[in-house]
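Structure at a glance
Below are the chains, spelled out letter by letter.
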Amino acid sequence: MTIGVAVAVAVVVVGVGFFALYRPWHLRWGATGEEVGASMPGDEVVPRPSFNATRAVTIGARPEEIWPWMVQIGFGRAGWYSYDLLDNMGRHSAERVVPELQRIEVGDLVPLGPGENAGMRVKEFAPNTSILWWDEKNQLTTWAWALNTMPDGRTRLVTRVRSRSSWGHPTSAIWLLLVELADFPMMRKCLLGIKRRAELHPS
């Protein structure tokens, strides 16, 4: 077998593994079938997404104890509770609720990285219940967060990212490639980071 053929076979094997096994798993990590099938704020904004990921985690805290950690999230704010070296330029994500970052209004920028408008905008929110961010300019991506109380007093934090590429916006294809490769590790770490903080610092 030549090197070229070996490389081609390896690419095919990796591709099949990614699309048949890894991708279906990470697109619904932690979420139940009911949560995956349920509607969430913003679904109607991106009706035919190329990327549609619903992830969830159970947190031993009430929604009002989790909400402050969600509100203050963002690059240059409280961070992403994830891999700070990669998504917060090495600055440690906050380990406390920051009072000055608790204000939230429709239209606020949630910074994803450095740059004046490098982020998503708050489209709508319901305190202690849900937040919806969106790519307001192109309307190709939404990111929803929901807090659902469980009968035993714990809370399900469910998040959904919906995105699609557009020929009118070539950079959207790059964005989709990035979320396909990097979204899950960062999102998993973020959800677990919120869980740890909310459970360690109940109000």
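For the structure, see preceding data.
Computed from a predicted structure; not experimentally measured.

1. Re the overall build of the protein
- Along its length, the protein carries five helices and six strands.
- Start at the N end of the protein and walk to the C end: the helices and strands fall as α-α-β-α-α-β-β-β-β-β-α.
- For the protein, the proportion of its 203 residues judged to be buried stands at 43%.
- Put simply, 62% of the contacts in the protein that link residues at least 6 apart link residues at least 24 apart.

2. Re the layout of surface pockets
- Considering only enclosed or pocket space, the second largest pocket measures out at about 160 Å³ in volume.
- Of all the elements in the fold, those that place two or more residues in the lining of the second largest pocket are α3 (63-71), β2 (109-111) and β4 (130-134).
- Partitioning the lining of the second largest pocket into residue classes produces 10 nonpolar, no polar and four charged.

3. Remarks on the nonpolar core
- Met70, Trp133, Trp145, Leu157 and Ile194 are the most contacted members of the largest nonpolar core, which totals 38 residues.
- Every element with two or more residues in this core is listed here: β1 (51-59), α3, β3 (119-126), β4, β5 (141-149), β6 (155-163) and α5 (171-200).
- For this core, the element with the most residues is α5, which contributes seven residues.
- Of all hydrophobic cores here, the second largest spans seven residues; its members include Ala31, Leu132, Ala144 and Val158.

4. Observations concerning unusual backbone geometry
- Of note in the backbone geometry, Tyr81 takes a positive phi value of approximately 55° without being a glycine.
- Its location among the elements puts Tyr81 in the loop between α3 and α4 (84-87).
- Backbone geometry places Met89, a non-glycine residue, at a positive phi of 50°.
- Within the secondary structure layout, Met89 lies in the loop between α4 and β2.
- The exposed category is assigned to Met89, whose relative accessible area is 58%.

5. Focus: the pattern of salt bridges
- If you walk through the whole model with that rule in mind, you get 11 salt bridges.
- Note that Arg62 and Glu64 form a salt bridge whose closest N and O atoms lie 2.8 Å from each other.
- Of the residues examined, Arg62 reaches a relative accessible area of 39% and is grouped as partly exposed.
- A salt bridge links Arg154 to Asp152; the shortest N-O distance between them is 2.8 Å.
- Note on Arg154: relative accessible area 37%, which makes it partly exposed.
- Three or more residues joined by partner-sharing salt bridges are found here, namely Asp43, Arg160 and Arg162.

6. Some points on α3
- Among the nine residues that make up α3, eight are buried, leaving the element largely enclosed by the rest of the structure.
- If you check which residues of α3 are buried, you get Pro63, Glu65, Ile66, Trp67, Pro68, Trp69, Met70 and Val71.

7. Comments concerning the pairing of β6
- Across the nine residues of β6, nine count as buried, placing the element largely inside the fold.
- Burial along β6 is two-sided: the face carrying Thr155, Leu157, Thr159, Val161 and Ser163 and the face carrying Arg156, Val158, Arg160 and Arg162 are both buried.
- Pairing of β1 with β6 involves nine bridges; the strand directions are antiparallel. What sits directly across from Thr54, in β6, is Arg160.
- Across nine bridges, β5 lies against β6 in antiparallel orientation. Across the sheet, residue Thr141 finds its bridge partner in β6, namely Ser163.
- The antiparallel hairpin formed by β5 and β6 contains five residues in its connecting segment, where Gly153 sits at a positive phi of about 95°.

8. What to know about the packing of aromatic side chains
- In the structure shown here, the tally under the stated rule is eight aromatic pairs.
- Look at Trp25 and Phe184: their rings are 5.0 Å apart centre to centre, the planes differ by 70°, and that puts the pair in the edge-to-face class. Remark: Phe184 occurs in helix α5 and Trp25 occurs in helix α1 (residues 3-26); sequence separation between them is 159 residues.
- Looking at Trp25, the relative accessible area reads 45%, which means it is partly exposed.
- On the numbers, 5.4 Å between centres and 55° between planes, the contact of Trp133 with Trp145 is tilted. Taken together, the positions of Trp133 in strand β4 and Trp145 in strand β5 put the pair 12 residues apart, joining distant regions of the chain.
- On the accessibility criterion, Trp145 (2% relative accessible area) is buried.
- One aromatic cluster in this structure is built from Trp80, Trp133, Trp143 and Trp145.
- If you follow Arg91 out to its NZ or CZ, it ends over the ring of Phe75, 5.0 Å from the centre.
- A cation sits over an aromatic face here: Lys123 above Trp134, 3.9 Å from the ring centre.

Here is what the cut-offs are and how they apply
- Residues numbered from 1 in each chain as written.
- Predicted model: local features only at pLDDT ≥ 70, side-chain atom pairs only at ≥ 80, totals over all residues.
- Heavy atoms only, no water.
- Helix = DSSP H or I, 4+ residues; strand = E, 2+ residues; numbered from the N terminus.
- Buried < 20%, exposed > 50% of the residue type's maximum accessible area, 1.4 Å probe, protein only.
- Contact = heavy atoms within 4.5 Å.
- 1 Å grid on protein atoms, 1.4 Å probe; cavity = no way out; pocket = protein on both sides within 12 Å on 5 of 7 lines; lining within 4 Å.
- Points joined across faces, edges and corners; volume = space filled by probe spheres on them.
- Nonpolar A, V, L, I, M, F, W, Y, C, P; charged D, E, K, R; others polar.
- Core = buried A, V, L, I, M, F, W, Y, C linked by side-chain atoms within 4.5 Å.
- Salt bridge = Lys/Arg side-chain N within 4 Å of Asp/Glu carboxyl O.
- Pairing = 2+ DSSP bridges.
- Phe/Tyr/Trp six-rings, centres within 6.5 Å; stacked < 30°, edge-to-face > 60°.
- Lys NZ or Arg CZ within 6 Å of the ring centre and 35° of its normal.

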